[in-house]
Amino acid sequence: MKVAITSNGNSLESKLDQRFGRCGYFTIYDTETKGIEFLPNPNKDAQEGAGPASVQLVASRNVQKIISGEFGIKIKPLLDSLKIQMIVLKQPEKSIREIIDMLNN
Amino acid sequence: MSPRPFRLRKISNLPVISGFKPYGNKKNGGKTESVFLHLEEYEALRLCDYEMLNHHQASILMAVSRPTLTRIYSKARQKIAVALVQGKQIIIEGGKIYFDSEWYSCKNCGCFFNNPDKQEEIKECPLCKSSNILNYEPDNEETDGALTRCMDICICLSCGFETPHRFGCPCKDEICPECGANMVRKGTPHKRNF
């Protein structure tokens, strides 16, 4: 199962980004193969519509869970109809490595 | 003046099938026309006739007003009756709807998460696998648009006990905690009213 985590950098030490649509990078983590992939977010500086565009990007990778600090109002019904689980974690000091460790426990 | 904006109907899950087909059609040589049952009408039918909720409770779940829910429901019954009488097939699709899910919070890691698939019950936090989770209900009763409380009072006719009326629950189903009799709405013309 694949999990997307929003991060503000492209390393394991970077922190969880509190925004979903305009986050710096998406970390795609595969819980079975333990593979980690960093996707730069092309919608980082978008004026509007960053959320739905990011959903499309993440959904094209067959992600089943998304971990982020906050989800916008346009995204929630989209993810609900795609049956992707949203996980809201309001801890900006958490690094990607810590979150992946939590998922592996 | 622009018309009042259309309120999207909230539905919980898609139906397990996409329609019904009649069989044994004697006329038309087996050709069947179809009736399009909208998803919102399916949901109203499911809530009212399968879950046995009353129209007010169902209207809150679908995020519309009670009269709107009743309109959707009667349309659903009309369409199904047409399909049964005229031997048409029913196709469940369309309608202006959105999906919503329940939210949970985890007491162990402090995260919030939703349940995208309502068929399965969530027992543990998806992040830390802790089972210390809580059903998180945001306080959005006021923004739902549906009237959720009123100033009416239920009264017990035998002992005079009064309690605020609970919306969606008929007064005659309420049992007086003092004497165990059925209660009635205060101020309505009941035979033995005060």
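Higher on the page you've got the structure.
K.L.:
Can you help me understand the overall build of chain A in this one?
P.N.:
Within chain A, the regular secondary structure consists of 3 helices and 5 strands. Along the chain direction, N to C, the helices and strands of chain A fall in the order β-β-β-α-β-α-β-α. Taken over 105 residues, chain A has a buried fraction of 35%. Pairs at least 24 apart in sequence give 50% of the contacts found in chain A among residues at least 6 apart.

K.L.:
Before we go on, may I ask you to explain the sheet that holds strand S4 (residues 89-92) of chain B in this structure?
P.N.:
Hydrogen bonding along the main chain pairs the strands of a sheet, whether they run parallel or antiparallel. Residue and element names in this part refer to chain B. Across the sheet, 3 strands lie side by side as S2-S4-S3; this open sheet has mixed pairing. Looking at strand neighbours, the two that pair on one side only are strand S2 (19-20) and strand S3 (34-37), the edges of this open sheet. As defined by bridge partners, S2 adjoins S4 across 2 bridges and the pair is classed as antiparallel. When the bridges of S4 are listed, Phe20 appears paired with Ile90. In the packing of helix H3 (residues 66-86) onto the sheet, the strands contacted are S3 and S4, and the crossing angle to S3 comes to about 160 degrees.

K.L.:
What is the right way to look at the sheet that holds strand S10 (residues 162-164) of chain B in this model?
P.N.:
Residues and elements named next belong to chain B. Here we have 3 strands laid out as an open sheet, ordered S10-S9-S11, and antiparallel in their pairing. Because the sheet does not close on itself, it has two edges, and the strands there are S10 and strand S11 (183-185). The average angle at which neighbouring strand axes cross in this sheet is 30 degrees, direction not considered. In this structure, strand S9 (residues 153-156) lies alongside S10, joined through 3 bridges in antiparallel fashion.

K.L.:
Just checking my understanding: could you explain the interface of chain A and chain B for this structure?
P.N.:
Bring the parts together and some accessible area is lost; that lost area is often taken as the interface size. At the junction of the two partners, chain A supplies 15 residues and chain B supplies 16 residues. Those elements that provide at least two residues to the side of chain A that touches chain B are helix H2 (75-82), strand S5 (85-88) and helix H3 (96-104) of chain A. With 4 residues, the single largest contributor to the side of chain A that touches chain B is S5(A). Considered class by class, the residues forming the side of chain A that touches chain B number 8 nonpolar, 4 polar and 3 charged. Note that S5(A) and strand S7 (residues 112-114) of chain B share 2 bridges and pair antiparallel. Residue pairing in the sheet places A:Val88 in a bridge with B:Phe112 of S7(B).

K.L.:
So what exactly am I meant to see when it comes to the pairing of strand S2 (residues 25-30) of chain A here?
P.N.:
Walk down a regular strand and you will see the side chains alternate between the two sheet faces. Residues and elements named next belong to chain A. Where strand S1 (residues 2-7) meets S2, 6 bridges bridge the pair, whose relative direction is antiparallel. By the bridge assignment, Thr6 is partnered in S2 with Phe26. Following S2, the chain reverses through 5 residues before pairing antiparallel with strand S3 (residues 36-40); Lys34 in that reversal takes a positive phi of roughly 60 degrees.

Definitions and limits used
Here the residue index of a chain counts from 1 through its sequence in written order. Chains and ligands are labelled by the order in which they are written, letters from A for the one and numbers from 1 for the other. At least 70 in pLDDT is required for a residue's local features to be given in this predicted model, at least 80 for side-chain atom pairs to be given and counted, and no such filter applies to totals for whole chains, interfaces and linings, which use all residues. Secondary structure elements are defined from DSSP: runs of H or I of at least 4 residues count as helices, runs of E of at least 2 residues count as strands, and each element is numbered from the N terminus. Burial is judged by counting the other C-beta atoms within 10 Å of a residue's own C-beta: 20 or more makes it buried, 12 or fewer makes it exposed, and any count in between marks it as partly exposed, with every C-beta position built from the backbone. Whether two residues are in contact depends on their C-beta atoms, placed from the backbone: they are in contact if these lie within 7 Å. Strand pairing requires that DSSP identify at least two bridges connecting the strands. In this analysis an axis means a line fitted to C-alpha atoms, helices contributing only their contacting stretch, and an angle means the value between N-to-C directions, from 0 to 180 degrees. Amino acid classes used here: Ala, Val, Leu, Ile, Met, Phe, Trp, Tyr, Cys and Pro are nonpolar; Asp, Glu, Lys and Arg are charged; the rest, including Gly, are polar.

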